[in-house]
Amino acid sequence: MTTTLTRNQTETELLTDRVELRRQIETVVNTTPVIDVHTHVFPPEFDEMFRFGIDELLTYHYLIVETLRSSDVSCDHFWRMTRTEQADLVWKSLFVDNTPLSEAARGIVSILDAFGLDSRAPNLREARAFFGDQNISEHVDRVFDMACLKEIVMTNDPFDELETQLWDGGANPDPRFHASLRLDGLLNDWEGAARRLACQDISVDAGLGRVTLVKVRNFLDGWIERMNPVYMAVSLPDSFRFPDTDARDRLIREVVLPTAREHSLAFVLMVGVRRAVNPALRIAGDGMGHADMSALERMCAQNPDVRFLATYLSRENQHELCVSARKFSNLMPFGCWWFLNNPSLTSEITMQRLELLGPGFIPQHSDARVLEHLIYKWRHWRPVFIESLFEAYGRLLGSGRAVSREEIIRDVSRMSSGNFRDWVGSQVSYTE
Ligand code: RAT
Ligand code: ZN
């Protein structure tokens, strides 16, 4: 049953029937293109940084840890294997000898299913042949289509040698791929950064004197010029404090925040990662911890003219992040990061955010590392988003206000791309 309402001389149908309400939410969410605000996916022009196909998918660090828990192979042995051998081991351990119940393993099943490949295959022959046969640029288009994505943001490290060569050579990525200037190398390891700057003929003093701060600032300006990033970003430990007495604090205060201000660039904080909890696992060895939210609150309060995007890794920080965002309109919460990107948690976090912030947040990012990850990360996310919205609109209906399809489209577009576009301004060219 629907009722009608005349508003601005157009007839708007109100969704008073719950079955129809759910159907409309499903259609809108499943067809609204998203801007994926944080990935580690690169376009084919980025040579070996462009990762796709079954071997890359199976050697995802999320799956490596699960494999090492399910097989007798030691870490050392695993890292001595070739990528093909590693992928074969992951396949046998997680998909042949066991049922792929974890979120990351189910992700592979969703990807294979999307391409009509058999997730019960005894080996990877068929999958390897399939990915090996793809025309790369058509394949990229197809994946964007399957994930219902328009644009994505890469993670670009100015200290990465390969990446530096690409940008120096005039890299001109596919316009669907936006750059972001990742500052972990600068902010989390100042001694290492100083050495790497010296290799680029930028001599700096460890004590961060005035001349050094100017040089670091010039370094960032140069990268902003080259990459045209949509934001600057850093991942931070659970022990992050602001203010603090270390090099990171001085660099944030005296270089990064002025740069954000002058270039009108948002600053992204990803907080709560404890790097190398188990170093033997290499890239798969990071853990997490609960962080002190007052650090971010102080940063937002002291810099009202800078826009911040923030995501926290600990479940225990999620409610606090919502409350902080209510207090600071220059703070935009985004995504359910890494260990949180599981339906039980994404659903809890999204509901919490809707209840505390309405549509004023960016519900999800993929953190994809391999092109086809985009398919599963977004396909697994959409049912959660649909459920959360159905719950929220359903409660609104129960309170006496039905929504229209147009209003659902407005809200979903805002959360899928509009909030991000507002935050990063004209940097994103995306149009509906
Ligand atoms: O989710 C991940 O893949 C992590 O390894 C990290 O990349 C994290 O998202 C980060 O950007 O530091
Ligand atoms: Zn990431």
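For the structure, check the block above.
Residues numbered from 1 in each chain as written. Chains lettered and ligands numbered in written order. Predicted model: local features only at pLDDT ≥ 70, side-chain atom pairs only at ≥ 80, totals over all residues. Heavy atoms only, no water.

(A) Layout of the coordination of the zinc ion (ligand 2). Bound to the zinc ion (ligand 2) are the protein donor atoms His38 (NE2), His40 (NE2) and Asp367 (OD), situated 2.0 to 2.1 Å from the metal. Linear spacing of the donor residues for the zinc ion (ligand 2) on their chain is H-x1-H-x326-D. Here His38, found in the loop between β3 (34-36) and α2 (54-58), pairs with Asp367, found in the loop between α16 (343-357) and α17 (373-398); they are 329 residues apart in sequence, far enough to count as distant. Of the two residues, His38 and Asp367, neither departs from the other in class, the shared state being buried. (Donors = N, O, S within 2.8 Å, 3.2 Å for Na, K, Ca; no water. Helix = DSSP H or I, 4+ residues; strand = E, 2+ residues; numbered from the N terminus. Buried < 20%, exposed > 50% of the residue type's maximum accessible area, 1.4 Å probe, protein only.)

(B) The arrangement of the sheet that holds strand β5 (residues 177-178) in detail. With parallel pairing, the three strands of this open sheet are ordered in space as β3-β4-β5. Across the chains shown, the open sheet's two edge strands, defined by having one partner strand only, are β3 and β5. Taken together, the two bridges between strand β4 (residues 149-153) and β5 define a ladder with parallel strand orientation. Paired with Ile152 across the strands is Phe177, a residue of β5. Contacts between helix α18 (residues 405-424) and the sheet are confined to β3 and β4, with β3 contributing the most and set at about 55° to the helix. (Pairing = 2+ DSSP bridges. Contact = heavy atoms within 4.5 Å. Axes fitted to C-alpha atoms, helices over the stretch in contact; angles between N-to-C directions.)

(C) How the structure looks around the packing of aromatic side chains. A full pass over the atoms with the stated rule returns 16 aromatic pairs. Geometrically, the ring pair formed by Phe46 and Trp167 is edge-to-face, given 5.6 Å between the ring centres and 85° between the ring planes. Of the two residues, Phe46 sits in the loop between β3 and α2 while Trp167 sits in helix α9 (residues 161-168), which places them 121 residues apart along the sequence. Neither residue differs from the other here; Phe46 and Trp167 are each classed as buried. Both rings, one in Phe115 and one in Phe130, keep their centres 5.1 Å apart while their planes meet at 45°; by these two values the pair is tilted. Taken as a pair, Phe115 in the loop between α6 (103-114) and α7 (125-132) and Phe130 in helix α7 lie far apart in primary sequence, 15 residues in all. Using a relative accessible area of 17% as the deciding quantity, one classes Phe130 as buried. The residue whose ring lies beneath Arg196 is Phe159, and the NZ or CZ to ring-centre distance is 4.9 Å. (Phe/Tyr/Trp six-rings, centres within 6.5 Å; stacked < 30°, edge-to-face > 60°. Lys NZ or Arg CZ within 6 Å of the ring centre and 35° of its normal.)

(D) Quick look at the pattern of salt bridges. Evaluation of the coordinates by the stated rule reveals 25 salt bridges. For Glu20, the salt bridge goes to Arg23, with nearest N and O atoms at 3.0 Å. Within this pair, Glu20 and its partner Arg23 are both found in helix α1 (residues 18-31), separated by three residues, close to a single helical turn. A single salt-bridge network, built from bridges that share partners, covers Arg182, Asp184, Arg275 and Asp286. (Salt bridge = Lys/Arg side-chain N within 4 Å of Asp/Glu carboxyl O.)

(E) Just empty space enclosed by the protein, in detail. For the structure shown, the criterion picks out three cavities of 30 Å³ or more. Each pocket or cavity is described by its volume, and for the largest cavity that value is around 110 Å³. Going through the elements one at a time, β3, α17 and α18 are the ones with two or more residues in the lining of the largest cavity. It is α17 that contributes the most residues to the lining of the largest cavity, four residues altogether. Across the lining of the largest cavity, the residue classes break down as 11 nonpolar, three polar and one charged. Around the second largest cavity, the lining residues are Ile54, Trp91, Leu112, Leu117, Asp118, Ala121, Asn123, Leu124, Glu126 and Ala127. (1 Å grid on protein atoms, 1.4 Å probe; cavity = no way out; pocket = protein on both sides within 12 Å on 5 of 7 lines; lining within 4 Å. Points joined across faces, edges and corners; volume = space filled by probe spheres on them. Nonpolar A, V, L, I, M, F, W, Y, C, P; charged D, E, K, R; others polar.)

(F) Structural context of the site of ligand 1. In the region of ligand 1, the neighbouring residues are His38, His40, His61, Tyr62, Arg182, Met270, Arg275, Trp337, Trp338, Asp367 and Arg369. One nitrogen or oxygen atom from the side chain of Tyr62 is found 2.8 Å from an oxygen atom belonging to ligand 1. Within the side chain of Arg275, a nitrogen or oxygen atom sits 2.9 Å from an oxygen atom of ligand 1. A majority-of-atoms criterion places ligand 1 in the largest pocket. (Near = heavy atom within 4 Å. Polar contact = N/O pair within 3.5 Å; in protein donor to acceptor, adjacent residues only side chain to side chain. Sits in = over half its atoms within 2 Å of the grid points.)

(G) Local environment of α7. Within α7, the full set of buried residues consists of Ala127, Phe130 and Phe131. Each buried residue of α7 lies within a common arc of 90° when the element is viewed along its axis, so the set occupies one face. In α7, the exposed positions that point more than 90 degrees away from the buried face belong to Arg125 and Gly132. Contacts from the buried residues of α7 go to α2, α6 and α8 (136-147). (Arc of directions from axis to C-beta.)

(H) Representation of the pairing of strand β11 (residues 308-312) within the structure. In terms of residue burial, β11 counts as a mostly covered element, since five of its five residues are buried. Of the two faces of β11, both are covered, the one formed by Phe308, Ala310 and Tyr312 as well as the one formed by Leu309 and Thr311. The pairing of strand β8 (residues 266-271) with β11 spans five bridges and is parallel. Pairing of Met270 across the sheet is with Thr311, part of β11. Two elements, β11 and strand β12 (residues 331-333), share three bridges in a ladder whose sense is parallel. Across the sheet, Ala310 pairs through a bridge with Pro333, a residue of β12. Handedness of the β11-helix α15 (residues 318-327)-β12 crossover: right-handed. (Right-handed = clockwise from strand over helix to strand, strands pointing away.)

(I) Representation of the layout of surface pockets. Within this model, the largest pocket holds a volume of roughly 980 Å³. For the lining of the largest pocket, the secondary-structure elements that each account for two or more residues are α3 (61-70), α9, α10 (184-187), α11 (190-199), β7 (231-236) and α13 (247-263). Residue contributions to the lining of the largest pocket peak at four residues, all from α10. Here the lining of the largest pocket is composed, by residue class, of 18 nonpolar, seven polar and 15 charged. The computed volume of the second largest pocket comes to approximately 340 Å³. Sorting the residues of the lining of the second largest pocket by element identifies α3, α6 and α17 as the ones contributing at least two each. Looking at which element gives the most residues to the lining of the second largest pocket, the answer is α3, with four residues. Looking at side-chain class alone, the lining of the second largest pocket contains 10 nonpolar, seven polar and four charged residues.

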